[in-house]
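Chain residues, written in single-letter form:
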Amino acid sequence: MMNKPFEYFAPKSAGEAVSLLKKHGSSARLLAGGQSLVPLMNLGLAAPRQIIDLTRIKKKKDPLSYVTANNDSLMIGSMTTHSEVERSRLIRKHCLILSETAATIADVQVRNRGTIGGSVCHADPAGDYLAPLVAIDAEFRAINSRMKGRTISADKFFRDMFTTALKQDELLTEIRVPRQNRPRRGSAYVKHKYVEGGFAIVGAAAVVSLNKDGSCDRVSVVLSGVRATPLRLGEIEKGFHGKSLDERAIEEAGQLAYEEVREPLSDIHATSDYRREMSRIYTKRAIRLAAARAGARETKKKEEG
Amino acid sequence: MPRVTVKLRVNHEKKEVEVDTRTLLVDLLRDEFMLTGTHVGCLTGNCGACTVIMDDLSVKSCTVLAAQANEADIMTIEGLSPRQDGGGGGAKLHPIQEAFIKHHGLQCGFCTPGMILSAFQLLRRNSKPTEDEIRVAIAGNLCRCTGYQNIIKAIGAASEEMRSRAGKQSLS
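A quick note: this is a predicted structure, and the numbers were derived from the prediction, not measured.

Conventions and cut-offs
Residues numbered from 1 in each chain as written. Chains lettered and ligands numbered in written order. Predicted model: local features only at pLDDT ≥ 70, side-chain atom pairs only at ≥ 80, totals over all residues. Contact = placed C-beta atoms within 7 Å. Helix = DSSP H or I, 4+ residues; strand = E, 2+ residues; numbered from the N terminus. Nonpolar A, V, L, I, M, F, W, Y, C, P; charged D, E, K, R; others polar. Axes fitted to C-alpha atoms, helices over the stretch in contact; angles between N-to-C directions. Parallel < 35°, antiparallel > 145°, perpendicular 65-115°, else oblique. Left-handed = near helix turned anticlockwise from the far one by under 90°. Domains from an automatic or database assignment. Pairing = 2+ DSSP bridges. Core = buried A, V, L, I, M, F, W, Y, C linked by C-beta atoms within 7 Å. Buried ≥ 20, exposed ≤ 12 C-beta atoms within 10 Å, placed from the backbone. Arc of directions from axis to C-beta.

1. Considering the interface of chain A and chain B
With 23 residues of chain A in contact, the opposing surface of chain B contributes 25 residues. Take the side of chain A that touches chain B: its biggest share by element is five residues, from helix α6 (residues 108–113) of chain A. Here the residues of the side of chain A that touches chain B are counted per class, giving 11 nonpolar, seven polar and five charged.

2. Focus on the packing of helix α2 (residues 95–102) of chain B against helix α3 (residues 112–125) of chain B
Residues and elements named next belong to chain B. Where α2 meets α3, the closest approach of the two axes is 10 Å, and the angle between their N-to-C directions is 125°. Between α2 and α3, the angle is such that the two are oblique. The two elements α2 and α3 meet at a crossing, and its hand is right-handed. For the pair formed by α2 and α3, the contact residues are Ile-96, Gln-97 and Phe-100 on the first element and Thr-112, Ile-116, Ala-119 and Phe-120 on the second.

3. Things to note about the domain arrangement of chain A
Residue and element names in this part refer to chain A. Per the domain assignment, the segments making up chain A are domain 1 (7–56), domain 2 (67–178) and domain 3 (189–294). When each unit is reduced to the centre of its C-alpha atoms, the spacing between domain 2 and domain 3 is 21 Å. Across the contact, 20 residues belong to domain 2 and 21 residues belong to domain 3. Of all the elements in the fold, those that place two or more residues in the side of domain 2 that touches domain 3 are α5 (96–103), α8 (130–135) and β8 (158–160). With five residues, α8 is the single largest residue contributor to the side of domain 2 that touches domain 3. Class assignment for the residues of the side of domain 2 that touches domain 3 results in 12 nonpolar, three polar and five charged.

4. Description of the sheet that holds strand β1 (residues 3–10) of chain B
All names here are of chain B. Spatially, the five strands line up as an open sheet ordered β2-β1-β5-β3-β4, and their pairing is mixed. The outermost strands of the open sheet, each flanked by one partner alone, are β2 (13–20) and β4 (57–60). Taken pair by pair, the neighbouring strands of this sheet meet at an average axis angle of 40°, ignoring direction. Of the pairings in the sheet, the one linking β1 to β2 comprises eight bridges and is antiparallel in character. Across the sheet, residue Leu-8 finds its bridge partner in β2, namely Lys-15.

5. Describing the nonpolar core
The tendency in soluble globular proteins is for nonpolar side chains to be buried side by side. Residues and elements named next belong to chain A. In this structure, Ala-206, Val-208, Val-221 and Ala-286 are the most contacted members of the largest nonpolar core, which totals 144 residues. Broken down by element, this core gets its largest block of residues, eight residues, from helix α12 (residues 272–294). Aside from chain neighbours lying at most four places away, what touches Ala-286 is Ala-188, Tyr-189, Val-190, Ala-204, Ala-205, Ala-206 and Val-221.

6. As for the environment of Glu71(B)
Residue and element names in this part refer to chain B. Tracing the backbone shows Glu-71 in the loop between β4 and β5 (73–75). Separated by 50 residues in sequence, Glu-71 and Gln-121 place their C-alpha atoms 21 Å apart. If we ignore the near neighbours within four places in the chain, the residues touching Glu-71 are Lys-7 and Leu-8.

7. With respect to helix α1 (residues 14–24) of chain A
Residue and element names in this part refer to chain A. The complete set of buried residues in α1 reads Ala-14, Ala-17, Val-18, Leu-20 and Leu-21. For α1, the buried positions fall inside an angular range of 155° around the axis, keeping them on one side. The inward-facing, buried residues of α1 abut β1 (7–9), β2 (28–31), β3 (50–53), β6 (139–143) and β10 (171–178). Note on α1: the residue one or two positions beyond its end, Gly-25, has a positive phi of about 65°.

This is the structure in structure tokens:
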């Protein structure tokens, strides 16, 4: 059994959850799907004094688990599970990259329980959602203990390893993502993992927009797993406006990724050098797939990367 | 030590217990209810030996606090073959269990309860899975004996058997 005892609270509403957070301060932790926090507690790596369980919030009265859409965006409740993100028809239709990402997380049992909000708040540098959410310019809605809401852009949300912009008494309630199914736009998430369902050694999210003549309007690439926070590859974003996204251009983008990813993380699964080389390969794969989905003609899939 | 009352249904039986808040669902099942078919492997959500069905979804019960199972409906491997009175642990095996025996889908048996419940989750969502879909479905269950091939065969055979039984039922 875990070493350190803790008090358990099961608030029935988001408001009740944030007032408990305010009351107990930094010794309390919010428990979402528990797929990271409970193992960390079992290992003795986390020992909160109070657990505030969000899974008991009443789904009908005060939901944190939903997917809805308006003309521009999808709204995803923070307690929506990875399985729900993977299967949601709305997400599959309007933001395929997120369903694709959810399907790569861990395994069925973890996806049945783990939540998108819990995952982004845990902010593991190798977490799968981080890169795609930054690449598609997601926004995060939070409320504080005075029930005041604010919106944080994905670019500003991830502050450091396991650290987000959320304040001590704030709760993430919703993730908003712009609809992606526009003409001549394609996006993709691909990752390099050491075992089926493993964390991303390198995860690459690419969004490609093409002009009517087939040339590139914009390409953005964001990487997970290489830095403490998701890395947006600025040089690629600047480099391809008006150009054709052919194999040579994609090769060039891979080189830009390699140059921009200096001294990435190093751990038991991958050395820094290896991660840097994989950043090149997976950047190319992500752009190639995104460009093909956007309808580019000259993107042939090559097996060797 | 802080304690919490948990009311739940396990294999169709109503239960109510008071436990230490640190109790995991897997410990509740094994130590309080003596349902030792649910195994403890890693305690980190990797191995899948503790897989149970919670409110119709497969979960790893070492990553769920017992307190979170309050008001939940849990099915363990013991509840897979229901008795006439609706309880678990009936004498007749479930077709997935029969297929694991017939196709040698186990050796030491440690991973088997979790493996079978992952197969159960799959076949409930998808009565005719492809081999790839079976592989994805058991990605969260580690087996160190079989090399998985016979497990995959067993799940494929179980899906055929279950479809054929369902077909016969709908004809009669």
